[in-house]
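Next come the chains, spelled out residue by residue.
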2 protein chains.
Amino acid sequence: MPESFSGGLYVAPIAGIIALIFAGYLVARIKRVDPGTEKMKEIAEAIHEGAMAFLFREYRTLIYFILAMTIVIVVAGVMTQGAGSMKPATAIAYLVGTICSLGAGFIGMNVATLANVRTTNAARQGANQALGVAFSGGAVMGMSVVGLGLLGLGIISIIFKDPAIINGFALGASSIALFGRVGGGIYTKAADVGADLVGKVEAGIPEDDPRNPAVIADNVGDNVGDVAGMGADLFESYVGSIIAGIALGSAMSSNSVNAALLPIYIAAAGVIAAIIGTFFVRTNEGARAQSALNTGTLVASILAIAFTYFLSTSLLPDIGLNVFGATVAGLLAGVLIGKITEYYTADRFNPVKEIAKASQTGTATNIIAGISTGMMSTALPIVVIVVAILLAYKLAGLYGIALAAVGMLSTTGMVVAVDAYGPIADNAGGIAEMSGLEPGVRKITDALDAVGNTTAAIGKGFAIGSAALTALALFSAYTKAADIQAIDITQPNVVAGLFIGGMLPFLFSALTMQAVGRAAFDMIEEVRRQFRSIPGLMEGKARPDYANCVRISTGAALREMIIPGLLAVVVPLAVGLIPGLGKEALGGLLAGALVSGFLLAVMMANAGGAWDNAKKYIEGGQYGGKGSEAHAAAVNGDTVGDPFKDTSGPSLNILIKLMTIVSLVFAPLFM
Amino acid sequence: MPESFSGGLYVAPIAGIIALIFAGYLVARIKRVDPGTEKMKEIAEAIHEGAMAFLFREYRTLIYFILAMTIVIVVAGVMTQGAGSMKPATAIAYLVGTICSLGAGFIGMNVATLANVRTTNAARQGANQALGVAFSGGAVMGMSVVGLGLLGLGIISIIFKDPAIINGFALGASSIALFGRVGGGIYTKAADVGADLVGKVEAGIPEDDPRNPAVIADNVGDNVGDVAGMGADLFESYVGSIIAGIALGSAMSSNSVNAALLPIYIAAAGVIAAIIGTFFVRTNEGARAQSALNTGTLVASILAIAFTYFLSTSLLPDIGLNVFGATVAGLLAGVLIGKITEYYTADRFNPVKEIAKASQTGTATNIIAGISTGMMSTALPIVVIVVAILLAYKLAGLYGIALAAVGMLSTTGMVVAVDAYGPIADNAGGIAEMSGLEPGVRKITDALDAVGNTTAAIGKGFAIGSAALTALALFSAYTKAADIQAIDITQPNVVAGLFIGGMLPFLFSALTMQAVGRAAFDMIEEVRRQFRSIPGLMEGKARPDYANCVRISTGAALREMIIPGLLAVVVPLAVGLIPGLGKEALGGLLAGALVSGFLLAVMMANAGGAWDNAKKYIEGGQYGGKGSEAHAAAVNGDTVGDPFKDTSGPSLNILIKLMTIVSLVFAPLFM
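This section reports on the structure supplied with the text. (Residues numbered from 1 in each chain as written. Chains lettered and ligands numbered in written order. Predicted model: local features only at pLDDT ≥ 70, side-chain atom pairs only at ≥ 80, totals over all residues. Heavy atoms only, no water.)

### Re the pattern of salt bridges
The tally for this structure, following the rule as stated, stands at 52 salt bridges over all chains. A salt bridge links Arg 211 of chain A to Asp 209 of chain A; the shortest N-O distance between them is 3.0 Å. Given the relative accessible area of 24%, Arg 211 of chain A is considered partly exposed. Arg 518 of chain B serves as the salt-bridge partner of Glu 560 of chain B, at 2.9 Å between the closest nitrogen and oxygen. Taken as a pair, Glu 560 of chain B in helix α17 (residues 546–560) and Arg 518 of chain B in helix α16 (residues 492–533) lie far apart in primary sequence, 42 residues in all. According to the relative accessible area criterion, Glu 560 of chain B is buried, its value standing at 12%. Among the charged side chains, a salt-bridge network with shared partners connects Lys 189, Asp 192, Lys 460, Asp 612, Lys 616, Asp 642, Lys 645 and Asp 646 of chain A. (Salt bridge = Lys/Arg side-chain N within 4 Å of Asp/Glu carboxyl O. Buried < 20%, exposed > 50% of the residue type's maximum accessible area, 1.4 Å probe, protein only. Helix = DSSP H or I, 4+ residues; strand = E, 2+ residues; numbered from the N terminus.)

### Quick notes on the packing of helix α13 (residues 379–409) of chain B against helix α19 (residues 582–619) of chain B
Residues and elements named next belong to chain B. Packing of α13 against α19 brings their axes to within 10 Å, and their N-to-C directions diverge by 135°. Judged by the angle between their axes, α13 and α19 are oblique. Crossing angle aside, the handedness with which α13 passes α19 is right-handed. Two secondary-structure elements touch here, α13 through Pro 381, Ile 382 and Ile 385 and α19 through Phe 598, Leu 599 and Val 602. For the contact of α13 with α19, the residue count by class is 6 nonpolar, no polar and no charged. (Axes fitted to C-alpha atoms, helices over the stretch in contact; angles between N-to-C directions. Parallel < 35°, antiparallel > 145°, perpendicular 65-115°, else oblique. Left-handed = near helix turned anticlockwise from the far one by under 90°. Contact = heavy atoms within 4.5 Å. Nonpolar A, V, L, I, M, F, W, Y, C, P; charged D, E, K, R; others polar.)

### Let's talk about the relation of the copies chain B and chain A
Turning chain B through 180° and shifting it by 0.0 Å along the axis lays it on chain A, with an RMSD of 0.0 Å. Put plainly, the chains are arranged around a two-fold axis. The position closest to the rotation axis in chain B is occupied by the C-alpha of Asp 488 of chain B, lying 2.2 Å away. Most of the interface of chain B is mirrored in chain A: 100% of its interface residues are interface residues there too. (Least-squares fit on C-alpha atoms with pLDDT ≥ 70 in both.)

### Comments concerning the packing of aromatic side chains
In this structure the tally under the stated criterion is 24 aromatic pairs over all chains. The interplanar angle of 70° and the centroid separation of 5.1 Å between the aromatic rings of Phe 54 of chain A and Tyr 187 of chain A together place this pair among those described as edge-to-face. Of this pair, Phe 54 of chain A sits in helix α3 (residues 38–79) while Tyr 187 of chain A is found in helix α6 (residues 163–203), placing the two residues 133 residues apart along the sequence. Where Tyr 343 of chain B meets Phe 349 of chain B, the ring centres are 5.2 Å apart and the plane angle is 50°; that geometry is what we call tilted. By relative accessible area, Tyr 343 of chain B is classed as partly exposed at 33%. What links up through ring pairs into an aromatic cluster is the set Phe 22, Tyr 25 and Phe 279 of chain A. (Phe/Tyr/Trp six-rings, centres within 6.5 Å; stacked < 30°, edge-to-face > 60°.)

### Quick look at the interface of chain B and chain A
Contacts between the two partners involve 62 residues from chain B, matched on the other side by 62 residues from chain A. Together chain B and chain A conceal approximately 5,300 Å² of surface at their shared face, both sides included; 86% is due to carbon and sulfur atoms. When the buried surface of chain B facing chain A is broken down by residue, Met 375, Phe 499 and Phe 506 of chain B rank first, second and third, together holding 15% of it. Remark: the boundary between chain B and chain A carries 0 salt bridges. Inspection of the chain B/chain A interface yields 4 residue pairs in polar contact (both at pLDDT 80 or more). Those elements that place two or more of their residues in the side of chain B that touches chain A are α12 (363–376), α13, α15 (439–481), α16, α19 and α20 (629–665) of chain B. The dominant element in the side of chain B that touches chain A, judged by the number of residues it contributes, is α16 of chain B, at 17 residues. Partitioning the side of chain B that touches chain A into residue classes produces 45 nonpolar, 16 polar and 1 charged. (Buried area = accessible area lost by both parts, 1.4 Å probe. Polar contact = N/O pair within 3.5 Å; in protein donor to acceptor, adjacent residues only side chain to side chain.)

Structure (structure tokens):
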């Protein structure tokens, strides 16, 4: 990176600070809302405490992980002296990356647990008031992700001006995403399954009943998994795509300074687009929540496209139109994958209806229908990604692929805002139930929550699509960093890498699913124990020990993620270092993991979403409604889908990105 | 292929004829066994008729498919004139390939439906007599596969002496395998689910009850799926691996004649080894059936290794030991994958026990445990295949990989014999039940059938492993035939191919699973109709219309396989021909499909096998035994596993081989 960058690079931290200021404004707005009755405040405080307890426990574990990675980076840097060596300063970038991602998660979780109870209270006035608070809470997460991403990345770029060091920032983001998504995914499902199985099924008390000892853990889980986990995942994709764009841009033969700056400028423009977009969500007086969110997203997307057109044609006059085309291809691919996800998971389309219909003949046919829907749903997203890749490459080479990823992620602020809105609305419903508020409040929060389910499914599709494009862009950066001329699959070591890489997502999914099983089992035992041993609990006279359930979920989540986490770091390093395999085999491994990881992630997310909504469809009165045999079958399907869509599936996003970033950062070791 | 081949090539048809003579001897032996009572003969005749009805309906559909393929080959041959062009004579090889595979299936099915009733009758004398008849029936299928494979391949080689034309023979085998495995897989599960769901669950009559209209179709299904389908699958792998060995051997720089002949010699020696092995199954007076089968397999394997050592060191004095090593690596990989399969699917090991344990908390946890077991079980087979590939390549280059496949498949005669024994024993039990024989007979056939379940699971592992190695060897042959220098995954068109290829097994599995669902639904409707409209059926006074159930299963199976079948042929051709994709993208597609197809096939086969045995484990008295909640959950798991392990999983073997062979045969079109 030449010195001439310095001026342009300042755009990143400035845009980051703007996003954070806007987040601060939103926080102030949220805080002005009344949190409601004493009972509500007490419950909200328990959820807040639980969320913070998870975060601090996670930090304690993370310190060791971060320390170990830092030492490995420094040692590898000292070992590989000379040209193309690793630089020990990468460790600094790494640390800043972890801090920024953790910061975004910390702010997001804090504000989500402020916003949930205020959403409940606002719902006592009306749906629009509640939507405003819930969405503002989500927008704080969105602004924190893009704000801290750009701020940290900008500072590291300005100080070091070396792509090899900046990569460390992405590795930091990836490490936190691993803990957030995998650990968070295990946490949320262990709490959910534990609360449901003992509470609803065994004790026969309704969902979100305050007598259920796991109810707080369950509500904490929504924040841990769907706010912090999802945010860390998209934080990783966001900075990863920008970094790949910088790396491939600075390697261009002509106008490389502007080419490297363009991704930063597009991201900065995306921040402004997202901020403007948020105002269109709130001004929709009287409209349905879904269409309000859609309008906001649409405005942000159109603005991002317009800004990108202006930026790419002025910064790169000769290839600007081509680069613009590549960026838009990525952005449109993101939108299309979201729409396809909606088709396969929303109950107004055939796939979900077919699963509901298959539930009539029992659980087995419900499961087969769900799995085959999930498998079927991989076809179109693959076509979309393939067309986007081919188009972006034809227009602007490997740089075009990186810009497609940047384009897809340019509206991250808005996507995260819409996504994080869901768990806040979900929590708000739980608080309404537990505080014994009037049924009308619950009805409003339920409506908001239902919208949240759809946005969550679309958000998952977006997260997977962006993970795939980001990983592909980082893969290209890896081949350049490792000085690889070709990764030839007619060579057996590359085939070996491809096989091992393809297998890892299967192994990773198996491990995370079994982890949920074990963690849920611990939780079930604890809930049963409390029902047995606390006198007066069922009668509502005694308070359950919520904190202990939170503790168990937290401990299990962090314990269970050690092996899958190590796998994601150790296997690529091993394949790269083992003689006879080496850097080309590692390239094969990354490609294999990218392909099978993307496919499994789409399959699991969509099968899970479809099962969930098939159950809701039956609960809406189809095929006998609640209590029918079809409903019992659909509940089973939904339970299978829980770890699919909330743990194993999303964890694969992290796996494919983390392995690629590890390979990129440690590339000098394999040369 | 130089003229000097001619002498050596005659070994193939001679060995083929020896195998067929031995098969004839076995048929005569089986026919000498008394088929039992009139009632038994009548039921056996119905099964035989049903099996033949399926075959002849299949032939009628096949004629159009074969005709279309023949025209395509001839037209492509006429279109691509000049060097490296397709030769119209390939069509002749193609036709001979289809005829040989069909012939093996026809003989195998005929003899299996002779042997089933004679096994029942022999069981009235004792377990060893019954084992002898059932295994002889299986051995006829085994000998027909290797006999007709070597005979046909030998004749085509002697006449044309051109690897490009000989490839047509493999394409013929592949076409039949498509119909046999995919159509057969749909047939068998539609009949099975239809018979079970209405008969056992709705009408409350036991399995194999003659009042069930679908009972004959169910027994026919065992033959269609597990005899003809499995046989066609291994016939394809068998000739495919030999053909790849011939192609890569004749491309060697030195001693290419002997290198090309070696695969044929090893296969011929394998025939002798298998024949000797069969005698060790029958002489085990008083021993358990499983250990008798194991002894026979072990003897055949050891003999094959010894013969291979002698052949490779004498034919290729300079690199003989290396080639021997590669061959043994393949053979051992086959054995190891079988053992790993056994670990994940037999109830004396932890995975099945864990699934049974998870059934206590309901269907959802049973399903999650089964799927995660299936996913987990992909890890070790991948490691085995990777080590075998790397070792074989290190020892003898690409030729070594082809020889590893030949080595794995050298004992095909024995593997098919052991595999086809299972459905014969299963049928024998059904006939005993339907004929109302004394319970002791059913007990003996049940014991033989239980062994058959284990051998079937191991056989499935072997079929997948051999499909992967064969496809890889054919993939190498394709890169040579299409004159490809490198398939570089840093190129976006190759990445596009990789993504599309990786997706196809998911799509193919979804389509075949949905096909089973629809076909089973047709069957359920028909069985219900007969129960409703045939007076006196439930009282045993009237005979159900078995033939109509057979007709429905047959029609559904052939109708439902059109789309997945077309997919396997059309997509590779399209990717190879579309500008911007081309032959390298097609290479990427084949690699992607190979990796994700292998993984999904292993996952589905092992999850299915594990669910099946978890159910049997509970039925053995664990966790409350039959009728308990755990059992109900395990039955659901088993039903989900049925299309996994018997339709979708095995169909993927065909998909990955067929697409590779199509690419190999039509390679000149892409140049």
